[in-house]
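Below are the chains, spelled out letter by letter.
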Amino acid sequence: MKESSKYKYPVSPEAPVSDTETREIRESLRNLIRSTGHVFTPAERRELFDMANPTDGGNVPLRDEHAMHTALMSVRTAQLFASMIEPDRNILITILMMPRVRGGELSTEQVSERWGADVAELCSGLMRVSEYAGRGTAVDQDNFRGLLLSLAQDIRVIIIMIARSLVLMRAINHHPDQAWVRNVAFEANCLYAQLAHRLGLYKIKGELEDLSLKYTNREIYTSIARQLEATKRERDAYIAAFIAPVKRELEKAGLKFTIKGRTKSISSIWAKIRKQKVDMNHIYDLFAIRVIIDTPREREKSDCWLAYGILADMYRANPARMKDWISLPKSNGYESLHATVMGPESKWVEVQFRTVRMDLVAEKGLAAHWRYKGGHGDSTDQWMNNIRDILESADSGPMQLMRSMKMDAYGREVFAFTPKGDLFRLPAGGTVLDFAFHIHSNVGCRCSGAIVNDRHEKITYKIKNGDTVEILTSANQVPKQDWLSIVVSTRAKNKIRQALNEAKAQTAQLGKEMLERRLKNRKLELDEAILARYMKREGYKFNTDFFAAIGAEQLDPNKVISGCLEIESHDNKPDDENRVGAEEFTLRHDEQTETTGSDVLVIGDKNIRGLAYKMARCCNPIYGDKVFGFISADGVVKIHRTDCPNARNIRERYPYRLINVEWSGAAGALMPVTLKVLGQDDIGIVTNITSIISKEPGVQLRNISIDSHDGIFRGYLIIGVPDRTSLPSLIRKISAVKGVKEVTRS
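On a predicted model such as this, the values are computed, not experimentally measured, just so you know. (Residues numbered from 1 in each chain as written. Predicted model: local features only at pLDDT ≥ 70, side-chain atom pairs only at ≥ 80, totals over all residues. Heavy atoms only, no water.)

### Structural notes on the overall build of the chain
- Each helix and strand counted, the chain has 27 helices and 22 strands in total.
- In the chain, buried positions account for 49% of the 746 residues.
- Considering only contacts within the chain whose residues lie at least 6 apart along the sequence, 68% involve residues at least 24 apart.
- With an accessible surface of roughly 37200 Å², the chain has 49% of that area assigned to carbon and sulfur atoms. (Helix = DSSP H or I, 4+ residues; strand = E, 2+ residues; numbered from the N terminus. Buried < 20%, exposed > 50% of the residue type's maximum accessible area, 1.4 Å probe, protein only. Contact = heavy atoms within 4.5 Å. Areas by Shrake-Rupley, 256 points an atom, 1.4 Å probe, with all protein chains shown as cover.)

### Re helix 4 (residues 89-102)
- Taking 1.5 Å per residue as the helical rise, helix 4 with its 14 residues ought to reach 20 Å, and the 20 Å between its terminal C-alpha atoms agrees with that figure.
- The sharpest bend along helix 4 reaches about 35° and sits at L96, with the proline P99 one to four residues further on.
- With 13 of its 14 residues buried, helix 4 lies for the most part within the structure.
- The N-capping residue of helix 4, defined by a side-chain oxygen 3.3 Å from the backbone nitrogen of N90, is D88. (Expected span 1.5 Å × (residues − 1). Bend = angle between axes of the 7 residues up to and from the residue. Polar contact = N/O pair within 3.5 Å; in protein donor to acceptor, adjacent residues only side chain to side chain.)

### Re the sheet that holds strand 9 (residues 447-452)
- Taking strand neighbours across the sheet as the criterion, the three strands line up as 10-9-11 in an open arrangement whose pairing is antiparallel. For this open sheet the edge positions go to strand 10 (455-457) and strand 11 (469-473), each flanked by a neighbour on one side alone. Going across the sheet, the axis of each strand differs from the next one's by a mean of 30°, ignoring polarity.
- In the sheet, strand 9 pairs with strand 11 via five bridges, with the strands oriented antiparallel. (Pairing = 2+ DSSP bridges. Axes fitted to C-alpha atoms, helices over the stretch in contact; angles between N-to-C directions.)

### Details of the pattern of salt bridges
- In this structure the tally under the stated criterion is 21 salt bridges.
- Residue D303 is joined to R299 by a salt bridge in which the shortest nitrogen-to-oxygen separation is 3.5 Å.
- A salt bridge links E652 to R648; the shortest N-O distance between them is 3.2 Å. Of this pair, E652 and R648 both sit in helix 25 (residues 647-653), separated by four residues, roughly a single helical turn. A single burial state applies to E652 and to R648, both of which are exposed. (Salt bridge = Lys/Arg side-chain N within 4 Å of Asp/Glu carboxyl O.)

### Describing the environment of T418
- Here T418 is to be found in the loop between strand 7 (413-417) and strand 8 (423-427).
- T418 sits 52 residues away from E470 along the chain, and the two C-alpha atoms are 6.1 Å apart.
- Those residues in contact with T418 that sit more than four places away from it in its chain are F424, F435, T468 and V469.

### Section: the packing of aromatic side chains
- If you walk through the whole model with that rule in mind, you get eight aromatic pairs.
- Here F546 and F547 contribute two aromatic rings whose centre-to-centre distance is 5.3 Å and whose plane-to-plane angle is 70°, an arrangement assigned as edge-to-face. By the burial criterion, F546 is buried, and F547 matches it.
- Cluster of aromatic residues (ring-pair linked, three or more members): Y534, Y540, F546 and F547. (Phe/Tyr/Trp six-rings, centres within 6.5 Å; stacked < 30°, edge-to-face > 60°.)

### Section: the packing of helix 19 (residues 432-439) against helix 21 (residues 490-521)
- As a packed pair, helix 19 and helix 21 sit with axes 9 Å apart at the nearest point and diverge in direction by 80°. One finds that helix 19 runs roughly perpendicular with respect to helix 21. Across from L433, D434, F437 and H438 in helix 19, the residues of helix 21 making contact are R491, A492, K495 and I496.
- Here the contact of helix 19 with helix 21 is composed, by residue class, of four nonpolar, one polar and three charged. (Parallel < 35°, antiparallel > 145°, perpendicular 65-115°, else oblique. Nonpolar A, V, L, I, M, F, W, Y, C, P; charged D, E, K, R; others polar.)

### Some thoughts on the nonpolar core
- In this structure, L96, I162, M169, I204 and L208 are the most contacted members of the largest nonpolar core, which totals 64 residues.
- The element contributing the most residues to this core is helix 8 (residues 155-171), with 12 residues.
- Beyond its immediate stretch of four places on either side in the chain, I204 contacts L80, M84, I85, I162, L166 and A196.
- Y238, C304, Y315 and A339 belong to the second-largest nonpolar core, a separate cluster that totals 37 residues. (Core = buried A, V, L, I, M, F, W, Y, C linked by side-chain atoms within 4.5 Å.)

### Brief notes about the pairing of strand 9
- Across three bridges, strand 9 lies against strand 10 in antiparallel orientation. Along strand 10, the bridge assignment pairs V452 with R455.
- The turn linking strand 9 back onto strand 10 is made up of two residues, and N453 within it adopts a positive phi angle of 50°.

### With respect to unusual backbone geometry
- One non-glycine residue, N453, adopts positive backbone phi at about 50°.
- Looking at the element boundaries, N453 is found in the loop between strand 9 and strand 10.
- Since its relative accessible area comes to 40%, N453 is described here as partly exposed.
- Positioned with a positive phi, E553 is a non-glycine residue whose angle comes to about 60°.
- By the secondary structure assignment, E553 is in the loop between helix 23 (543-551) and helix 24 (557-569).
- Residue E553 is classed as exposed on the basis of its relative accessible area of 68%.

### A short note on the side chain of R714
- Following the sequence through the fold, R714 ends up in strand 21 (residues 712-721).
- Assessed through its relative accessible area of 12%, R714 is described here as buried.

### Quick notes on a nonpolar patch on the surface
- Nonpolar side chains collect at one region of the surface, where L701, I704 and I706 lie side by side and expose about 210 Å² of accessible area between them.
- Relative to the elements of secondary structure, I704 occurs in strand 20 (residues 700-709). (Patch = residues over 30% accessible without salt bridge, like charges linked within 9 Å, V, L, I, M, F, W, Y side chains within 5 Å.)

### Section: the environment of L730
- Within the element layout of this structure, L730 appears in helix 27 (residues 727-735).
- Among the residues examined, L730 registers a relative accessible area of 0% and is labelled buried.
- Residues L730 and V743 lie 13 residues apart in sequence; the distance between their C-alpha atoms is 9.9 Å.

### Side note on the confidence of the model for the chain
- Here the chain averages 78 in pLDDT, while 77% of its residues score no lower than 70.
- Predicted confidence for residues 56-63 stays below pLDDT 50, and this span has 14 contacts to residues more than four positions away or in other chains.
- Long-range and interchain partners of residues 571-594, a stretch whose pLDDT sits below 50, account for 55 contacts in this model, where long-range means more than four residues apart. (pLDDT = per-residue confidence, 0-100.)

Rendered as structure tokens:
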């Protein structure tokens, strides 16, 4: 496979290989093998030297100049890895073998046979990453980082890439192609420096950022470097001198603590200058000290403030720079006490006081350093922190422990390209339809398929890492309900539901207009409450669903009108099923209790005694009504009027459970009757109605419920009457009240 230009050694193609470079390769190889000899056998050391040395020992190139430069870069990468990370056998072999694998001189099968399957897998991972590495500067850095992690499958591949990036950055200082240098520097800063930070490779991260600034803005880099007026060693010496007296005083106070000192890198200084829009003289944390106190939870605040008091007695503090995140922690859980003091030589130094617990939260929790500085979190956070722990604390060697740790941070995601090279990240199992909605809602709604890697695929095709997907659309295509079972991403599901709801709303509007036209043709008006009851009876929870069913011709408007008219004149809820509507709800409070042996009713044969009965709620019969009895499942006889709206249904379904019922010669106690009153919502209408009822002899008002909407008054009156003879007179009197249009018995 042809090597990506990203990894070409930074010289002109026609540049000859110098004797200096040839000697450097041999000398560097000897030093590397000598310093890491304990991880190789003698035979391996000799073979590695021969395989990684592209000369015949007489300064004569065995291959072209590019191969020589690539070999030199690999040797330098191996040296850096061994010195700054760990001298791991398999990784060093992989780095030294890669020039020959990329050049086609060695296959992964040959590598596996000679050096083991683990080395071969590492080589395969580097080959996969190299295939896409050239696209890195043209796509979103977070997505590209995810692609690298997904393709690499082994964290060690990413660490090799980070080390290689630093070697490349160190070597391109005077490269003639400045545009190429800027691209390499951009990728190093935005991709590899961020990965290094999350992995805890802070020295590599800082150097990558500094070199990136140097190559992208050399003037700024040089200016800041000169203004520091001291070498890094001198700055470290200043910090050591600052810490020494502070440490003595804290120890005298009996505090158990550790102190960490650091100097801010040039790139960090430049970032702060831009953010705060100040010059270097106003940056107060060029030198920073962190005091981590080991103390019980109940003494955390007091010990941190004690340490601060000791510092304030030694150096003049800047109260404007005091930041108390102990008394009031940040929303992300970050706790620390920051103070800025004037140290020796009139230099400002920032000192942070925190406890071991606070430091753990800041480093491992939501306030991890990279996030605290404004980074963007993703699903690799916890996984990256675990890797950092291994790197920092593993006794048997971090690379050894990570060898069996396969990368699953992005295992639930896939990455695919558009034909223009844009990269999109989707959940694992994402389909062509997910990809289409990720591009744009309109594209998703019109998606009819795709061309994936030059092949036509259906919308159900599951995207694979590295696919190139071109979405096909059709003007006649519309979202369908079953699309929700095809897509896996939340974004796509929401967009599909939104499109379906919009389509349903249009259909519902059409259905509403159809019903209104039918009503107008029949010169009818439907009360909204009646229509709502009909919807509920038919099982519709929302108006949109109901009207959409009419618009889709699933529900006949004429049937709707007939059902509403029936509800308006009768209560269609069967008593034996105990379904109670709004109109009868208040009747529950006055339901007739079961009565045994009454003088009011004669049930069945006159010789039968002791039968329990109660008045049916659906029709509320009173003395004088024509009635019949229905024996319920619990043995209680329910008394219905013969004109009860449920009478026909009961006679047809349960003729064997009917029993004759007659009123006795005299009326008994008051019985409830429900009157429905409709009229205009005039002032005093309720007072007038209740006044009439109270003046009627032998009649008692038991309950009243009132509803008013759009100027229309609707009331339900539960009245106790001795018999039906007094009812017509009462209805006439209520009907005569001003504003009352209709009074009916329910």
